[in-house]
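Summary of the model geometry
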Amino acid sequence: MTGKTTNLHEYRFFSPKSLSMVIAYSTWARDYAKWLEGEDWVKSFEPNIPLDRRRYGLVLPADIRKAYFDTDWMSDFRIIRTDGRTLIREVATRAQLGKRSSLEKLEFSRRYWKDTDIDSWGIVIMGDDL
C-alpha cells in the first residue's frame, strides 16, 4: 500500500490485458504487473487503486497510528479474474513485513477492503530478500 507522494519513481508500460498504460511505483510492483500480464486466469488488472477517505471511518483504528487516517492511500492492484472474481493485492517485501509501519499500512488496507465487494484481499511477497 502506497501513500500518495511525489517522490516515487514511475515504471510505465502498456498493458494489452488492461488496454491502458500501467504505472508502477516500485520494481516489485512493475514485476508483479508484468507477471499478471502473462497469466491466463487474469482478465484485467489496475494498479494504484485510491482508497476513498470517506470510508476511513469504517476502518477499526486499533493498533493503527492515527496519522494513517489523515493520509491518502492507494492499494497496489485490483485484479479481475476470468471467472469474474475481484482481488486486491498489496505488494511487499519480506523486509517490509518486518517493519511495524508496513504492517500497519497493510492492516489498514485489509480492514478497508473487508466489507466491500472485493472477493479476496492478499499480500504478494516480492523482492530479492526472500
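Keep in mind it's a predicted model, so treat the numbers as computed, not measured.

Rules and cut-offs
- Residues numbered from 1 in each chain as written.
- Predicted model: local features only at pLDDT ≥ 70, side-chain atom pairs only at ≥ 80, totals over all residues.
- Heavy atoms only, no water.
- Buried < 20%, exposed > 50% of the residue type's maximum accessible area, 1.4 Å probe, protein only.
- Helix = DSSP H or I, 4+ residues; strand = E, 2+ residues; numbered from the N terminus.
- Pairing = 2+ DSSP bridges.

Here we look at the pairing of strand E6 (residues 86-92)
Of all seven residues in E6, seven are buried, a share of seventy percent or more. Judged from the four bridges that link them, strand E5 (residues 73-81) and E6 form a sheet pairing that is antiparallel. Paired with Arg78 across the two strands is Ile88, which belongs to E6. Hairpin connection from E5 to E6: four residues lie between these consecutive antiparallel strands, with Gly84 at a positive phi of about 95 degrees.

Examining the pairing of strand E2 (residues 11-15)
In the case of a regular strand, side chains alternate between the two sheet surfaces. Where E2 meets strand E3 (residues 20-24), five bridges bridge the pair, whose relative direction is antiparallel. Across the sheet, residue Tyr11 finds its bridge partner in E3, namely Ala24. Linkage of E2 to E3, two consecutive antiparallel strands, is achieved through a turn of four residues, within which Leu19 is found at a positive phi near 55 degrees.

Overview of unusual backbone geometry
The backbone of Leu19 sits at a positive phi, close to 55 degrees, despite the residue not being glycine. Position of Leu19 among the secondary structure elements: in the loop between E2 and E3. Exposure remark for Leu19: the relative accessible area of 69% places this residue in the exposed category. Look at Asn48: it is not a glycine, yet its phi comes out positive at around 60 degrees. Checked against the element boundaries, Asn48 lands in strand E4 (residues 42-50). On the accessibility criterion, Asn48 (16% relative accessible area) is buried.

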